[in-house]
Structures are given as C-alpha cells and as structure tokens.
Amino acid sequence: MSRRAIILVPGFARKERNQARDRLVRALQHYTDGWRVEQTEEGSGATSGAIGLVAEARDGGETREIDVYEAYWGDLIPDWSNESPWARFKRGFFLIRYWLTGGARGWLTRGEAPPRAARAMLAAAVLLILWWAVVAVFLMQAIGSGTVTLPDSLTQIPLAQTAWGWLTGWTATVAGSVFALVMLWIWSLGWLEQFANISAYTKAYLRDEALGDDDIGLRAKARHRVLDMLDQVADVEGDKAYDEIYVVGHSLGGAIAVDALAECGDLLDRVVLFTWGSALGMMAQQEPLVEQEIAKFYTSKTRVRSWIDVVYAKDYMGSKVPVPRRFGKDGAPGPSYDMLFPGSLAPTLPKGMHVLELTRIHESYYRCESAALMLVEPITALPPLPSEPVGYVPHELRAVQG
C-alpha cells in the first residue's frame, strides 16, 4: 500500500489552526468520484498534526494511505478591523500607488496584458477612491446642513464663505444621488475591503516587511512555517515513510509554497506542487523576485515531479502561473524557458456559483472535483509533462544513476 502526504498551505484568512486542513479532508471525502475515502480510526497520521485517510478505488484497484497536514500561517495576518477611517485611507492610498505604479511597469516590461487579478486590483483601486469621495461628500453635506460649522475665524473671510457655500451646495446634490447609494452598497458587501486587506498583506509579504513585534519579515516567517512542515514530513522513516509528498497552496498560500520549495533541494524528488487560484501571474509582474523564484523550478538540479496549476476562468483574485524568463548574472531578464510543467487548468465553476460572487469563487477550489480527485488518484493520472528539456534526467532514472 503506497503512502502519500498532503501538505496544505492555506490562503489569506484569519482562521483557527487546522480549520483549512479539516475543510480539505471533507472535500477529499465528498468530491472524489470513483474512490472511497475514509478517515482512519485513530484520526491521525504518522506524525502529530495530521489526519489519516485511506483511499480505496471503487473498481477494486489500488489502495493508498493519505495523511493530510496544514502548514499554518493565519496567525501572521494582522487584524485591521479596528483601524480608524484615516488609517484605512492612508493604507488604501499607498496600496494604490504601489500596485498601479509597480504593476504598470511590470506589464510594460513583460509586454503582456495584465492578468485578471491585476484588472480586478485596478477596479478595486478606483472603487476605493470613489468610496472615499462619497464619504467626503456626506461629510460636506453634514457641514452644509449645520451639523458641522466653520470656525468663527473663517466665517469672517468672504472668500472662504463663498467657497464653502459652493462646496456644500455641490456635495448636497451628489450626496443624494443614486451613485452615492450604490457606492455605499458596494462597500457594504465586504468584498472590496477584503480585497484591499489581501492586497495590503501581499505587498507586505513581497517586501518582507515586519508587521509583528519582532524584526522578522512576513515572507521569512511564512516560508519557515512551510519548510518546518516539509522537514517533519520528509523525516518520517520506516514503514510510515511517504512515497509522495503533495503540497497544495491555495491563493497566497501558493506563493508561500513556491518560496519554500524553491529552497528544498533533494527533497523535491518526491514532491508534486499544486497551486489553486494563486496570484503568481500578477505578483511576477509586480515584483521580479517572484519570477526569479519560479525560475528556480526550471534550473534546480532536483526538480519537483510536477507542478499542477488550477485557476478558475472567472476567479478575479487568481492568475495563471507564468513560464519564467531567463535571468542573467546582472539580473536582467532574457527569453522565457521552454515549458516544463503542464499548462494551467481552468475547470468549470461548481454548480450554484455566480460570476459576481468574487470571494466565494476564490474559496471554491475546495469544491472543485477535478482538483480534489488529483489528490487521491495515482501520480500517473496527473496531466502529462511537456517534452523534457535536453539534459534533464527523469525522476525514475535518478536513483539508478546515483
């Protein structure tokens, strides 16, 4: 009986430890047609923190043991819910400047149209600006109605009185418009603020900013969590050792998984990487460092057995993983590598999902039957690799060649 470890690197959410792991376990039990997946009686795998499963093909074929782990990093996400309006405005302003200026430069450098996630970021930035304009409008209306008045020192200046009367009259008209009501409704949905929070954290992650009480950056902390879990799983020996290690990175967890695996060396012989709805396409255009990390998967002497990228066509918070360019010693980008891994998969949305449910779509990879099925099927059932580059030694021959 073969043994497989699945390490889940969750997406952006302030959830409890192992909450995402349990969600993945339920998905494996319900969205794997042709397989019977049951939790073992002891409810844990070979090492602490895992849920043990047995997957048995219903046609009487093979059976495998699967231990599901979570590389938890949700506690690294700051709580912005108690921020003052002014603090949120400042954060939103710097976010817009960072994503639009850097992203536009990256799009021009690569000569590619921005991915869906980048367009969604632009739309969110515009809506954020408009929403704050609506807030200012209502504030000016309150001032014009007498709820807030000018200081006595300013009421003596005719020019100030004229300007004040014009502003309050104009804002009163706008404040009562349908536009203002629509903008408030959009903000009330919550997705815009969530999008802004994800964008803020991604910026801090890409720049390895320290948001906690110490001086260790977010990127270093999150990557260390994944590396610790990988080491724990790889160190299992004897009859409990794993034949395969599947790393599943959802959303921003995909970028964290890539950062960790890029440094893993010989361990990669047993690893298959899955990215679900990652924003790596947009992030690579924003920060050259991301593309250079992806390039390590093409240049490392030991490579992952495969990299399966899954992204819904309607997921505006995810983007396809790009084929990286070659970088010279001076860091200058050159032509792209030959494709080494299967192209991105674009499954259909689960039934009952609407294209406007942006947050639900991004979270629905746990309900994607094709994605869940790949986690229990034999490794030979994965999408085939493109033709191997010259000089590449297939996994099956490495042990023979020593």
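Each remark here, short or long, concerns the structure printed above.
Reading the values: the criteria
- Residues numbered from 1 in each chain as written.
- Predicted model: local features only at pLDDT ≥ 70, side-chain atom pairs only at ≥ 80, totals over all residues.
- Heavy atoms only, no water.
- Helix = DSSP H or I, 4+ residues; strand = E, 2+ residues; numbered from the N terminus.
- Buried < 20%, exposed > 50% of the residue type's maximum accessible area, 1.4 Å probe, protein only.
- Contact = heavy atoms within 4.5 Å.
- Polar contact = N/O pair within 3.5 Å; in protein donor to acceptor, adjacent residues only side chain to side chain.
- Salt bridge = Lys/Arg side-chain N within 4 Å of Asp/Glu carboxyl O.
- Pairing = 2+ DSSP bridges.
- Axes fitted to C-alpha atoms, helices over the stretch in contact; angles between N-to-C directions.

A. Representation of the environment of S344 in the model. Of note, S344 is situated in the loop between β9 (333–336) and α12 (358–363). Its relative accessible area of 27% is what places S344 among the partly exposed residues. For the pair formed by S344 and V310, sequence separation is 34 residues and the distance between their alpha carbons is 5.7 Å. Setting aside chain neighbours within four positions, we find S344 in contact with D309, V311, K320 and V321. A distance of 2.6 Å separates polar atoms of two side chains, one belonging to S344 and the other to D309.

B. Representation of the pattern of salt bridges within the structure. Going through the model one piece at a time under the given rule, you end up with 16 salt bridges. Two residues, R36 and E38, come together in a salt bridge whose shortest N-O distance is 2.9 Å. Among the salt bridges present, the one from R225 reaches D75, with a minimum N-O distance of 2.9 Å. Here R225, found in helix α8 (residues 218–234), pairs with D75, found in the loop between β4 (63–70) and α2 (85–110); they are 150 residues apart in sequence, far enough to count as distant. Using a relative accessible area of 26% as the deciding quantity, one classes R225 as partly exposed. Connected through salt bridges with shared partners, the residues R219, D259, E263, E293 and K296 form a single ionic network.

C. Representation of the sheet that holds strand β3 (residues 51–57) in the model. Across the sheet, which stays open at both edges, the seven strands sit in the order β2-β3-β4-β1-β5-β6-β7 with mixed pairing between neighbours. Strands with a single pairing partner mark the edges of an open sheet, and in this sheet they are β2 (35–39) and β7 (306–310). Direction aside, the axes of adjacent strands within the sheet are offset by 20° on average. For β3 and β4, the ladder comprises six bridges, and the chain directions are antiparallel. By the bridge assignment for β4, L53 is matched with I66. Strands β1 (2–9), β2, β3, β4 and β6 (271–276) of the sheet are contacted by helix α1 (residues 19–30), whose axis makes an angle of about 155° with β4. Where α8 meets the sheet, it contacts β1, β4 and β5 (244–250), and its direction lies at approximately 170° from that of β1.

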